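For reference, the chains in residue letters:
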Amino acid sequence: MAETSTERMGIAPDQNWRVPAGTGIVLALLGLLAIVFPYVTGVSLSLLLGVLLVGGGVAHAVHAFSAPGWTGSAVQAALAVVYVVAGIVFFVNPVFGLTTLTLLVIAYLFVGGIVELVAGLGMPREANGLWIAASGAIGILLAGLLFAGFPSTALWAVGTLFGVNLLVSGVALLSVGSAERRVVNEGPSTAA
């Protein structure tokens, strides 16, 4: 049986293109909301992280009873305390959590930017390493701008960056769904 061109592209002729397109629309709209309301988004993420940390602490506490030896139990119990305390701090004071998340974003952009800059400058010219180096330089610049405005950047940075990520992911999924629709509507053609 001959393979059709849509199957070679990873798209089955009966594939529902509406799922990625619909998911993309939802993600893009959520991203726009997060960009419009960055403080609410950041606080919500801080609260969610607090709940997840408490859940992780409970899991470590449960594991402490089944860990081998007293040292294994003590380590799991210590981790449980750290997780639960951090989770409660994030949940009780989400602005503190948001500030902490902003510092982590700044550190990520700075360290990632340095790595990309060094890697890009070390690449051969034919590999277009300057694009990687430019990306690294932009990461370092963003980290510097966020740090220069800290702590006021904590009010908007995490929510805005999360929103931009959702928006870009949504647009990408919408694009995938649109391409699948176009391929499926063209109908299966047999491979030559």
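For the structure, check the block above.
The following refers to the structure shown.

## Remarks on the overall build of the protein
And step 1. Across its full length, the protein holds seven helices and zero strands.
And step 2. Along the chain direction, N to C, the helices and strands of the protein fall in the order α-α-α-α-α-α-α.
And step 3. Every one of the 192 residues in the protein was classed for burial, and the buried ones make up 29%.

## Quick notes on helix 4 (residues 69-92)
And step 1. Over its 24 residues, helix 4 runs 34 Å from end to end, which matches the ideal 34 Å to within 8%, given 1.5 Å per residue.
And step 2. Those residues of helix 4 that fall on the buried side of the exposure criterion are G72, Q76, A80, G87 and F90.
And step 3. Buried positions along helix 4 lie against helix 3 (38-64) and helix 5 (94-122).

## Thoughts on unusual backbone geometry
And step 1. Look at the link from F150 to P151: it is a cis peptide, with omega at 15°.
And step 2. Position of P151 among the secondary structure elements: in the loop between helix 6 (129-148) and helix 7 (157-186).

## Considerations on a nonpolar patch on the surface
And step 1. Judged by side-chain polarity, V26, L30, L33, V36, F37, Y39, V40, V95, L155 and W156 come together as a nonpolar surface patch covering roughly 920 Å² of accessible area.
And step 2. At the level of elements, helix 2 (18-36) and helix 3 are the ones that each hand at least two residues to the nonpolar patch.
And step 3. Counting residues per element, the nonpolar patch draws most heavily on helix 2, which supplies four residues.
And step 4. Position of F37 relative to the elements: it lies in the loop between helix 2 and helix 3.

## Looking at the environment of A67
And step 1. Take A67: it is sitting in the loop between helix 3 and helix 4.
And step 2. Filtering out sequence-adjacent residues up to four positions away, A67 remains in contact with G72, S73 and Q76.

The rules behind each value
- Residues numbered from 1 in each chain as written.
- Predicted model: local features only at pLDDT ≥ 70, side-chain atom pairs only at ≥ 80, totals over all residues.
- Heavy atoms only, no water.
- Helix = DSSP H or I, 4+ residues; strand = E, 2+ residues; numbered from the N terminus.
- Buried < 20%, exposed > 50% of the residue type's maximum accessible area, 1.4 Å probe, protein only.
- Expected span 1.5 Å × (residues − 1).
- Contact = heavy atoms within 4.5 Å.
- Patch = residues over 30% accessible without salt bridge, like charges linked within 9 Å, V, L, I, M, F, W, Y side chains within 5 Å.
- Areas by Shrake-Rupley, 256 points an atom, 1.4 Å probe, with all protein chains shown as cover.
- Salt bridge = Lys/Arg side-chain N within 4 Å of Asp/Glu carboxyl O.

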